[in-house]
Amino acid sequence: MSEKRTEISEFGEFGLIDHLNEKVQIKNSSTLKGIGDDAAVIDAGDHVKVVTTDLLLEGVHFDLAYAPLPHVGFKAVAVNISDIAAMNAIPKQITVSIALSNRFSVEAVDAIYSGINAACEHYGVDLVGGDTTASRGGLIISITAIGEAKKEQVTYRSGAKVNDILCVTGDLGGALVGLQVLEREKQVFLANPDMKPDLEKYAIVSGRQLKPDARMDIIHEFRELGVVPTSMMDISDGLASEIFHISKASGVGATIYEDKLPIDKQTYDTAVELGIDPITCVLNGGEDYELLFTIDQKDFPKLEKHPDVHFIGHITKAEEGKFLVTKSGTAVQVKAQGWQHF
Ligand code: ADP
Ligand code: MG
C-alpha cells in the first residue's frame, strides 16, 4: 500500500465504481454485460440471464423506528426486482442473505420473511438460497435477483438515440417526501413518546418510502404492446442522476420539460408543507423505483394513451447538453445531485 490516502467522498459512489471497474477484465464470452448497468447480462443459449444485487443496512437504508419488519423484507426484494425490470427482463429467482444481531428474535426474522415471501408471491419469483450470519451492527439484508429475457428484448442504459422520446412511469418525489415525513414524526415521537404519529394524512408518500413496488406491470405491458424501449433504467437515485447515466452511457444529451414531470398531489402538497421545492423532489428525490426509458418515435402511438407513462422530453445530441425547460420557458442545466451515500 502506498502512503497516499484518498477519501472515498472524493470519488463519490459512481466514481468509486468506475475506479473499481478499471481493474476488471471480462474473461468469458458468456458475459454480455458486466459492471455499469442495472444488472449484468449473461448468455444462456437461447435466452439471457440478468443478475443484480443490492445491500440494505439498518440505519443507512432503513430505520426500524418507523419501518415495519415485513415492509423492510418486501422492499429489499422490490428494489432488486426493479433492477431486473430496468433490463426489460422477467425476474425468476432470488437469494437472500441476512446478518442479525442478538436484538432480533425468531419472530422478528419471521416478520422480515413474511415480507420477503409476500414479494416473491407478488413478483412470481422463487427464493432459492442465501446465507445467514451474525452481525454486530444491526440488521443487514443482501438480495440477489436473477431474471430472464430474450437477447433482443434486453434494454441497456446505452441505447438512447437522438430524437427518442424520454418517458417515466408513475410519479416521482414521493419516496423522498415520505422519508422527510417519517423522520419528522420520529423526532416528534422521540421528544414526546406519548405523541402518536399521525401518518394517515401522509399514507401515499410514507407508503412510497416504506413499501415501493417495482414496475413489473409495465414490463409485461411492453411485451403485450410489442414495445422494446431503446434504453431503460430504474429511478433509484433521482431522475436528474439517472438522466446523466443514460446520457453518459448512450453518448447523448436530453431536454426535459418541467410541466411534463409527474408529481402526485400528496407529494406536492406535503413538499410545500415541509418547505421543500416539489420540483427538486421530483428531480433529486431517490427511491421512487419508477422506470426511466426512451422509445423510438414510431412506438409513441402504442404508449400514447397509457395512463401511467409520461412523456417528459426527448434525446438530443451530446453537445446540446442536458436541460430542463421550466414552466416559464427558460432552459436550465440539469445537475445530477441524486443521493450521496459518501
Ligand atoms: P443500481 O442503482 O441500479 O443498483 P448501482 O449504481 O448500485 O446500480 O451500480 C451500478 C453498477 O455498478 C452495476 O452494474 C453494479 O453491479 C456495479 N457495482 C456497484 N458496486 C459494485 C462493486 N462494489 N463491485 C463491482 N461492481 C459494482
Ligand atoms: Mg437500477
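Residues numbered from 1 in each chain as written. Chains lettered and ligands numbered in written order. Predicted model: local features only at pLDDT ≥ 70, side-chain atom pairs only at ≥ 80, totals over all residues. Heavy atoms only, no water.

**Topic: the overall build of the protein**
For the protein, the helix and strand inventory stands at 10 helices and 13 strands. Compactness check: the protein gives a C-alpha radius of gyration of 20 Å against a globular reference of 20 Å for 342 residues, within 12% of the reference. Projected onto its principal axes, the C-alpha positions of the protein cover 55 × 55 × 50 Å. Sequence separation of 24 or more characterises 83% of the internal contacts of the protein that already satisfy a separation of 6 or more. (Helix = DSSP H or I, 4+ residues; strand = E, 2+ residues; numbered from the N terminus. Rg over C-alpha atoms; globule rule 2.2 N^0.38 Å. Contact = heavy atoms within 4.5 Å.)

**Regarding the pairing of strand 8 (residues 231-235)**
With five of its five residues buried, strand 8 lies for the most part within the structure. Across five bridges, strand 8 lies against strand 10 (residues 290-295) in antiparallel orientation. The residue of strand 10 that forms the bridge with I235 is E290. (Buried < 20%, exposed > 50% of the residue type's maximum accessible area, 1.4 Å probe, protein only. Pairing = 2+ DSSP bridges.)

**Some points on the UniProt feature "binding site: ATP" (unreviewed entry) in the protein**
Sites flagged by UniProt as "binding site: ATP" (unreviewed entry) map to Y113, G130, D131, R157 and S236. Maximum C-alpha separation among the annotated residues is 32.4 Å over a sequence range of 124 residues, too wide for a single clustered spot. Structurally, Y113 can be placed in helix 3 (residues 106-123). Those residues in contact with Y113, other than ones at most four positions away along the chain, are V96, I98 and L127. Mapping R157 onto the fold places it in the loop between strand 6 (140-149) and strand 7 (165-169). Among the residues examined, R157 registers a relative accessible area of 12% and is labelled buried. The contact partners of R157, leaving out residues within four places of it in the chain, are G36, D37, D38, S231, M232, M233, H245, I246, A249 and S250. (UniProt positions renumbered as here; feature names shortened; annotations may be inferred.)

**Remarks on the packing of helix 5 (residues 203-210) against helix 8 (residues 265-274)**
Close contact between helix 5 and helix 8 brings their axes to 8 Å; oriented N to C, the two are set at 100 degrees. It follows that helix 5 is roughly perpendicular to helix 8 by the angle criterion. In contact with A203, I204 and V205 of helix 5, helix 8 contributes Q266, T267 and T270. (Axes fitted to C-alpha atoms, helices over the stretch in contact; angles between N-to-C directions. Parallel < 35°, antiparallel > 145°, perpendicular 65-115°, else oblique.)

**Section: the site of ligand 1**
Residues in close proximity to ligand 1 include F14, I17, L20, I35, G36, D37, D38, D54, D83, R157, D234 and S236, which together make up its full environment. Residue D37 places a main-chain N or O atom 3.0 Å away from an oxygen atom belonging to ligand 1. Contact between ligand 1 and R157: an oxygen atom at 3.4 Å from a side-chain N or O atom of the residue. Considered on its own, ligand 1 offers 550 Å² of accessible surface; in the complex 64% of this is hidden by protein. Sort the elements by how many residues they give to the shell around ligand 1 and helix 1 (residues 8-21) lands first, with three residues. (Near = heavy atom within 4 Å. Polar contact = N/O pair within 3.5 Å; in protein donor to acceptor, adjacent residues only side chain to side chain. Areas by Shrake-Rupley, 256 points an atom, 1.4 Å probe, with all protein chains shown as cover.)

**Concerning the environment of F62**
Among the secondary structure elements, F62 is positioned in the loop between strand 3 (48-57) and helix 2 (69-86). Linking F62 and I246, residues 184 residues apart in sequence, is a C-alpha distance of 28 Å. Filtering out sequence-adjacent residues up to four positions away, F62 remains in contact with L56, L57, A67, V72 and L139.

**Details of the sheet that holds strand 1 (residues 31-33)**
Pairing is mixed across the open sheet formed by six strands, whose spatial order is 1-2-3-6-4-5. The open sheet is flanked by strand 1 and strand 5 (126-134), the only strands paired with a single partner. Neighbour to neighbour, the strand axes of the sheet diverge by 20 degrees on average, direction disregarded. Sheet topology places strand 4 (residues 90-100) next to strand 5; eight bridges connect them, and they run parallel. The partner of T95 across the bridge, within strand 5, is G129.

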